[in-house]
Amino acid sequence: LDRVDRLHDGSLLVIDYKSGNVSPGSWHLPRPDDVQLPLYAGFALGEEELGGLVFAKVRPGDLCFEGLVGDARSTLDNTLNGTSGLVKKPLTAEQLIDWRTAIAQLAADFLDGRANVDPRDYPATCERCGLYTLCRVQEHQDEMQTDDDLAPAEEADE
């Protein structure tokens, strides 16, 4: 954890300092790109009430919070206007439950040795990857093609 602050209502705000380009969109389910802050929210804070998760962007000319806060105006900054992402998209109890469930499933899959060949954004993911020699995606795509090729023949036999 980079930082944990207590908000005006007594709940906790988890802050992750970032100098690069980040977005809370990376937390979207069902397949989040980045689970660091949702992991903290679901497992690291114990019984403390979570008020929000934010990236603190610390780039010259771009200092701001981006993330999800339950009630950003009353707990974080009462000068925030309605167009602020912190106000428009509040953190909900349902999100916390969904993250906890998804992360627990990821952990269980890992412990069970599941390593499905299933890139999140195929083929874009593969275009940005440099691990071709270790990759099984093409093998999986070949299997899927073979299955697709067989399907019409099987239907024709019926």
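Residues numbered from 1 in each chain as written. Predicted model: local features only at pLDDT ≥ 70, side-chain atom pairs only at ≥ 80, totals over all residues. Heavy atoms only, no water.

### A word on the nonpolar core
Where we set the bar: The nonpolar core is taken to be a set of buried Ala, Val, Leu, Ile, Met, Phe, Trp, Tyr and Cys residues, with the residues joined through side-chain atoms within 4.5 Å. Only protein chains enter the accessibility calculation, which uses a 1.4 Å probe; a residue is then buried when its area is under 20% of its type maximum, exposed when over 50%, and partly exposed in between. In this text, helices come from DSSP runs of H or I with a minimum length of four residues, and strands from runs of E with a minimum of two, each type numbered from the N-terminal end. We call two residues in contact whenever any of their non-hydrogen atoms come within 4.5 Å of each other.
Judged by nonpolar contacts, the single largest core of 14 residues is most densely connected at Val14, Trp27, Leu37, Leu50, Leu53 and Trp99. Residue assignment for this core shows that the elements contributing at least two residues are strand E2 (12-18), helix H1 (36-44) and strand E3 (50-59). Discounting chain neighbours no more than four positions away, the residues touching leucine 37 are Val14, Asp16, Trp27, Leu53, Val54 and Phe55. Within the second largest apolar cluster, nine residues are counted, among which are Leu13, Val54, Ala72 and Leu80.

### Here's the deal with the pattern of salt bridges
Keep this limit in mind: When a carboxyl oxygen of Asp or Glu lies within 4 Å of a side-chain nitrogen of Lys or Arg, that pair is called a salt bridge.
In the structure shown here, the tally under the stated rule is eight salt bridges. For the salt bridge of aspartate 5 with arginine 3, the shortest nitrogen-to-oxygen distance reads 2.7 Å. Residue aspartate 5 is classed as partly exposed on the basis of its relative accessible area of 23%. Arginine 114 serves as the salt-bridge partner of aspartate 112, at 3.5 Å between the closest nitrogen and oxygen. Taken together, the shared-partner salt bridges connect Asp109, Asp112 and Arg114 into one network.

### What about the pairing of strand E1 (residues 3-6)?
The test is simple: A pair of strands is labelled paired if DSSP reports no fewer than 2 bridges between them.
Bridge count for E1 against E2 is four bridges, and the pairing is antiparallel. Residue pairing across strands places aspartate 5 opposite leucine 13, the latter belonging to E2. If you look at the hairpin formed by E1 and E2, you'll find five residues sitting between the two strands, and glycine 10 has a positive phi there, around 95°.

### Considering the environment of cysteine 135
For cysteine 135, the position within the fold is in the loop between helix H5 (124-127) and helix H6 (137-157). Considered as a pair, cysteine 135 and valine 117 are 18 residues apart in the sequence and their alpha carbons are 8.7 Å apart.

### Structural notes on the sheet that holds strand E4 (residues 62-69)
Going by this rule: Simply put, an axis is a line fit to the C-alpha atoms, just over the touching stretch for a helix, and the angle between two N-to-C directions goes from 0 to 180 degrees.
The four strands lie next to each other as E1-E2-E3-E4, forming an open sheet whose pairing is mixed. Looking at which strands have only one partner, the edges of the open sheet turn out to be E1 and E4. Across this sheet, the average inter-strand angle for adjacent strands is 25°, counted without regard to direction. Sheet topology places E2 next to E3; seven bridges connect them, and they run parallel. By the bridge assignment for E3, tyrosine 17 is matched with alanine 56. H1 contacts E2 and E3 of the sheet and is inclined by roughly 150° relative to E3.

### Points about the pairing of E3
Rule in force here: Crossover handedness is defined here as right-handed if the route from the first strand over the helix to the second strand goes clockwise, with the strands pointing away from the viewer.
Counting buried positions along E3 gives eight out of ten residues, so the element sits mostly inside the fold. Handedness of the crossover is the feature at issue here: the chain leaves E2, passes through H1, returns alongside E3, and the resulting connection is right-handed. Strand direction decides the pairing type here: E3 and E4, joined by eight bridges, are antiparallel. What sits directly across from valine 58, in E4, is leucine 63. Hairpin connection from E3 to E4: two residues lie between these consecutive antiparallel strands, with glycine 61 at a positive phi of about 80°.

### Examining unusual backbone geometry
Cis geometry marks the peptide bond from leucine 29 to proline 30, where omega comes out at 20°. Tracing the backbone shows proline 30 in the loop between E2 and H1. With an omega of 5°, the peptide bond between tyrosine 122 and proline 123 qualifies as cis.

### So, the confidence of the model for the protein
Put simply, the rule is: For every residue, the predictor states its confidence as a pLDDT score lying anywhere from 0 to 100.
Per-residue pLDDT for the protein averages 86, and the proportion of residues at 70 or more is 88%. When pLDDT is averaged over each helix and strand of the protein, the minimum, 61, is found for H6 and the maximum, 95, for E2.

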